[in-house]
Amino acid sequence: MLKSKHLMLLLLCTFLVSFSAEAQKKTIEQRVDSVLKLMTLDEKVGQLNQYTSAWATGPVSPEGNKIQEIKEGRLGSLLNVKGFDKTRAMQEVAMQSRLKIPLLFGLDVIHGYKTTFPIPLAEAASWDLGAIEQGARIAAVEAAASGVHWTFAPMVDIARDPRWGRVMEGAGEDTYLGCLIAKARVKGFQGKGLGNTDAVMACAKHFAAYGAAIGGRDYNSVDMSDRTLWEVYLPPFKAAVDAGAATFMNSFNDLNGVPATGNAYLQRDILKGKWGFKGFVVSDWGSIGEMIQHGFVKDNYEAAQAAIKAGSDMDMESRSYIKNLAQLVKDGKISEALIDDAVKRILQKKFELGLFEDPYKFSNPDREKQALNNPEHRAIERDMARKSIVLLKNENNILPLSSGKKIALIGPLAKSKDDMLGFWSVAWPDNSDVISQFEGLEKRVGKGKLLYAKGCGISDSSKADFAEAIAVALKADIVILSMGEKRDMSGEAKSRSNIHIPGIQEELIKAICETGKPVVVLINAGRPLVFNWTADHAPAILYTWWLGSEAGNAIADVLFGDYNPAGKLPMTFPRSEGQVPIYYNYMNTGRPAADNGTFANYRSGYIDMVKSPKFPFGYGLSYTSFKYSDLKLSSSQMDSNGTIDVSFTLTNTGKYAGEEVAQLYLRDQVASVVRPVKELKDFQKLMLKPGESKIIHFTIDKQKLSFYNNKLEWVAEPGTFDLMIGSSSADIRLKDKFELQ
Ligand code: GLC
């Protein structure tokens, strides 16, 4: 008796809870509809209109009277306004409008807000999904505490061309890794869900295939098969949708001749149709109006028509919507229903954020004071920075440094604080709390004990300071060289045709190496660079990207072995720009050249350079070494509903505890469309003590064997698969084969 009473009570509670959640959701939809019914056409169009505020992150459009427009309900969102006070002030203006619809505040919180994290490409080198999610979480906590509702991140564009400056914003060249990182970042930004005062709306961008711009030239055309689009470039966006991304941002490029912002195939058929995306799409800065430049529309009237029809809900900065949408409705060119759909999507998010209940809930001075740049956040950032560093070379185990050595730090980036922030820094130009490499190292060796010389500039050709640098080097036991790009040589509109280390820096490296002193080179950049002489001659190299607020401390931790570097390259590093695009998961072709054959006669190679990259995808060394052994497959055959358990033993064979990222690659030997020579399908990052072994398991299932065939069907075809496990895409330690029946 008692039992059944409990059961009834449980069932009743379950019903009430689910009813209230459903009711809550229904309430928001009902409330959206009730607001929509009150809105004039002009007020509806106003919700689709977004301007920048304090500063521009694109071609500046003519100033209007934004305050007046907000009062008239002609603005739905502002970007580039931050701080509890400034966001509150703008929201107070919005509360003077007839319907008091709150503004959305958006900002490019790409890798941190006040606590600046490593650039996203550096974070990708950590292959540590938990750490990446945590970094986004902290960025959200700080941004939300300062009145920001919405970050224009994560950028999930797959990129295979290091000439493109925006590779620094993404997760590199691999779709599998890119999907996992997209999910981690969306979850980090949105936390326990919208409405929490420590969560911001994520924005998956740039939809779509922006990273495939021809020539690596920013904003350039993209032309590719639908198969490649679906197989390589779309999956990270789908991962973002599946992770619950609240918004999307479209891209500047045309895709196969149709600008993304006017591309109904992308935004309506795929995103809102097939994928069922319920959030809203914001155009990238001015991209709606730029369809005139593209030659896709005649004027802003046509641009507005094309964009709203194609599913662009909010117009960032082009003013095409605010000036034309109402007229388009009056002219019968578009139905008001199209506008209503866009408005409802935007209002839905404003309700979910809780802004109708309390427009000022995110503008809280106490929360801002407590959250920004606090010691806990900085400690986590320092850890993320260490994890992002990639050890490219360490001849004769020159690293880690032992204490007591006289160290010289030389180079144009040694004392830089600005550059540690990277291109998309919210904190910049305030770099006062950034730990420079000089400060981080001096803290370790003692005040006044670190020798220093600048040596040269970043891009100039003056050797005037070489002599001083050589003299300083001769006084030291070991020289650390800090070289690379400036922070604004990568990022948006920062494509480079020549991606060598700039200026005469490599000549300085050569001059210092010629002193005979042991040399460790730190390369700071937002992209893969070309540095063949250094790679061939410097005994030790660390790729230190742009590591953010704690850069100097993190680098010191690695140099002195407090942290054993474990980063793995998320992008291929070419030997020259002439090899680009170059990536690990290429097709074999009918005439494959040997990786290191110099003469490519009648082979798909170069007559003047080997085919292989300088450093491959997935590459990174450690202060210790690892052995891979005892590969076992639970079966050499599987059917399409089956799985194969793959196991092997990983052993730390060195004298330092360290982490290894063990990578699983597969190759479909024969298929209805040619398949890459290898594809990353799984990985595990784990810590091993010296001498310790662990058995690692991977599971092969149909999903890992599937691809889009030439009918765009997602299929796994019977046949033989090569299985490869390694420490990088080019360092395969264990191999086997299996059959899909
Ligand atoms: C820029 C970028 C985009 C950014 C937006 C707002 O042009 O392309 O990534 O979010 O404008 O700053």
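Calculation rules
- Residues numbered from 1 in each chain as written.
- Predicted model: local features only at pLDDT ≥ 70, side-chain atom pairs only at ≥ 80, totals over all residues.
- Heavy atoms only, no water.
- Pairing = 2+ DSSP bridges.
- Helix = DSSP H or I, 4+ residues; strand = E, 2+ residues; numbered from the N terminus.
- Axes fitted to C-alpha atoms, helices over the stretch in contact; angles between N-to-C directions.
- Contact = heavy atoms within 4.5 Å.
- Buried < 20%, exposed > 50% of the residue type's maximum accessible area, 1.4 Å probe, protein only.
- Polar contact = N/O pair within 3.5 Å; in protein donor to acceptor, adjacent residues only side chain to side chain.
- Near = heavy atom within 4 Å.
- Areas by Shrake-Rupley, 256 points an atom, 1.4 Å probe, with all protein chains shown as cover.
- 1 Å grid on protein atoms, 1.4 Å probe; cavity = no way out; pocket = protein on both sides within 12 Å on 5 of 7 lines; lining within 4 Å.
- Sits in = over half its atoms within 2 Å of the grid points.
- Nonpolar A, V, L, I, M, F, W, Y, C, P; charged D, E, K, R; others polar.
- Salt bridge = Lys/Arg side-chain N within 4 Å of Asp/Glu carboxyl O.
- Domains from an automatic or database assignment.
- Buried area = accessible area lost by both parts, 1.4 Å probe.
- Points joined across faces, edges and corners; volume = space filled by probe spheres on them.
- Left-handed = near helix turned anticlockwise from the far one by under 90°.
- Disulfide = S-S within 2.5 Å.
- Core = buried A, V, L, I, M, F, W, Y, C linked by side-chain atoms within 4.5 Å.
- Expected span 1.5 Å × (residues − 1).

Here we take up the sheet that holds strand β9 (residues 280–282). The 3 strands lie next to each other as β5-β6-β9, forming an open sheet whose pairing is parallel. The open sheet has two edge strands, β5 (203–207) and β9, and neither has a second partner. Ignoring strand direction, the axes of neighbouring strands in this sheet form an average angle of 30 degrees. With 3 bridges connecting them, β5 and strand β6 (residues 247–250) associate as parallel partners. Counterpart to Cys 203 in the pairing with β6 is Thr 247. Of the strands in this sheet, β5 and β6 are in contact with helix α9 (residues 235–242), which crosses β5 at around 155 degrees.

With that settled, consider the side chain of Glu 169. Locating Glu 169 in the fold gives a position in the loop between β4 (150–151) and α7 (175–190). Residue classification places Glu 169 among the buried residues on the basis of a relative accessible area of 1%. A polar contact is formed between the side chain of Glu 169 and the side chain of Trp 424, at a distance of 2.9 Å. In this view, Glu 169 contacts Ile 110, Pro 120, Met 155, Lys 205, His 206 and Trp 424; residues no more than four positions away in its chain are not counted.

So, on to the site of the ligand. Lining the immediate environment of the ligand, one finds 13 residues, of which Thr 57, Asp 108, Arg 166, His 206 and Asp 284 sit closest. The separation between an oxygen atom of the ligand and a polar side-chain atom of Lys 205 is 2.8 Å. His 206 places a side-chain nitrogen or oxygen 2.7 Å from an oxygen atom of the ligand. Protein contacts shield 100% of the accessible area of the ligand, which totals 310 Å² for the unbound molecule. Judged by its atoms lying within 2 Å of the grid points, the ligand is housed in the largest cavity. Across the shell around the ligand, the residue classes tally to 6 nonpolar, 2 polar and 5 charged.

It is worth spelling out the pattern of salt bridges at this point. Inspection of every chain in the model, using the stated rule, returns 50 salt bridges. Across the salt bridge formed by Glu 357 and Arg 31, the nearest N and O atoms sit 2.5 Å from each other. Placement of the pair is Glu 357 in the loop between α14 (336–352) and α15 (365–371) and Arg 31 in helix α1 (residues 2–38), with a sequence separation of 326 residues. Among the salt bridges present, the one from Lys 298 reaches Glu 302, with a minimum N-O distance of 3.3 Å. With relative accessibility at 27%, the residue Glu 302 sits in the partly exposed group. Through salt bridges with shared partners, a single network forms among Asp 128, Arg 382, Asp 383, Arg 386, Lys 387, Arg 444, Asp 557 and Asp 562.

Another point: the domain arrangement of the chain. We note that the domain assignment places domain 1 (40–367), domain 2 (382–579) and domain 3 (626–740) within the chain. Taken over C-alpha atoms, the centre of domain 1 sits 36 Å from the centre of domain 3. Facing 13 residues of domain 1, the contacting portion of domain 3 comprises 15 residues. Summed over both partners, the interface of domain 1 with domain 3 buries about 1,100 Å², with 65% contributed by carbon and sulfur atoms. For domain 1, the biggest contributors to the area lost against domain 3 are Trp 127, Tyr 176 and Arg 227; these three give 55% of the whole. Counting the contacts that link domain 1 with domain 3 gives 1 salt bridge. In this structure, Arg 675 and Glu 231 form a salt bridge, with 2.9 Å as the shortest nitrogen-oxygen distance. At the surface where domain 1 touches domain 3, the tally comes to 6 residue pairs in polar contact (both at pLDDT 80 or more). When contributions to the side of domain 1 that touches domain 3 are tallied by element, the ones reaching two or more residues are α7 and α8 (226–233). In terms of residue count, the dominant contributor to the side of domain 1 that touches domain 3 is α8 (4 residues). Taken together, the residues of the side of domain 1 that touches domain 3 break down into 7 nonpolar, 1 polar and 5 charged.

Moving on, we come to the layout of surface pockets. The calculated volume of the largest pocket comes to roughly 1,200 Å³. Elements represented by at least two residues in the lining of the largest pocket include exactly α7, α8, α9, β21 (679–688), α22 (702–705) and β23 (707–708). With 6 residues, α8 is the single largest residue contributor to the lining of the largest pocket. Inspection of the lining of the largest pocket shows a minimum of three residues originating in each of domain 1 (40–367) and domain 3 (626–740).

The next subject is the packing of helix α6 (residues 129–145) against helix α16 (residues 375–388). Put simply, α6 and α16 touch, their axes get as near as 10 Å, and they point 145 degrees apart. As for how α6 packs across α16, the hand of that crossing is left-handed. Contact residues: Ala 131, Ile 132, Gln 134, Ile 138, Val 141 and Glu 142 in α6; His 377, Ile 380, Met 384 and Lys 387 in α16.

Under the criterion given, the structure shown has 6 cavities of 30 Å³ or more. A volume near 100 Å³ is recorded for the largest cavity. Forming the walls of the largest cavity are 14 residues, and the residues nearest its centre are Thr 57, Asp 108, Asp 284, Met 316 and Trp 424. Looking at the lining of the largest cavity residue by residue, the class counts come to 7 nonpolar, 2 polar and 5 charged. Size it by volume and the second largest cavity reaches roughly 60 Å³.

Right, let's get into the state of the cysteines. Applying the stated criterion to the full structure yields 0 disulfides. No disulfide involves Cys 456; its nearest neighbouring cysteine sulfur is the one of Cys 513, lying 13 Å away. The buried category is assigned to Cys 513, whose relative accessible area is 18%.

Take the nonpolar core next. Leu 325, Leu 399, Ile 410, Phe 531, Tyr 543, Trp 545 and Leu 559 are the most contacted members of the largest nonpolar core, which has 194 residues in total. The residues that make up this core include at least three from each of domain 1 (40–367) and domain 2 (382–579). If we skip the residues at most four places from it in the chain, Leu 399 touches Leu 391, Asn 394, Val 520, Ala 540, Leu 542, Leu 559 and Tyr 623. Ranked by size, the runner-up nonpolar core spans 25 residues in total, among them Leu 633, Ala 662, Leu 664 and Phe 698.

Glancing now at α14. Between the first and last C-alpha of α14 there are 24 Å, a value that for 17 residues agrees with the 24 Å anticipated at 1.5 Å per step. Those residues of α14 that fall on the buried side of the exposure criterion are Ile 339, Asp 340, Ala 342, Val 343, Arg 345, Ile 346, Leu 347, Gln 348, Lys 349, Lys 350 and Phe 351. Positive backbone phi, approximately 85 degrees, marks Gly 354, located one or two places after α14.

Quick look at the side chain of Ser 482 now. With respect to the helices and strands, the residue Ser 482 is situated in strand β14 (residues 478–484). Only 3.2 Å separates the side chain of Ser 482 from the side chain of Asn 524, close enough to count as a polar contact.

For Arg 386, the position within the fold is in helix α16. For the pair Arg 386 and Ser 461, spaced 75 residues apart in sequence, the C-alpha to C-alpha distance is 32 Å. In this structure Arg 386 touches Ala 554, Asp 557, Val 558 and Tyr 563, once residues within four positions along its chain are discounted. Side-chain polar atoms of Arg 386 contact the side chain of Asp 383, separated by 2.9 Å.

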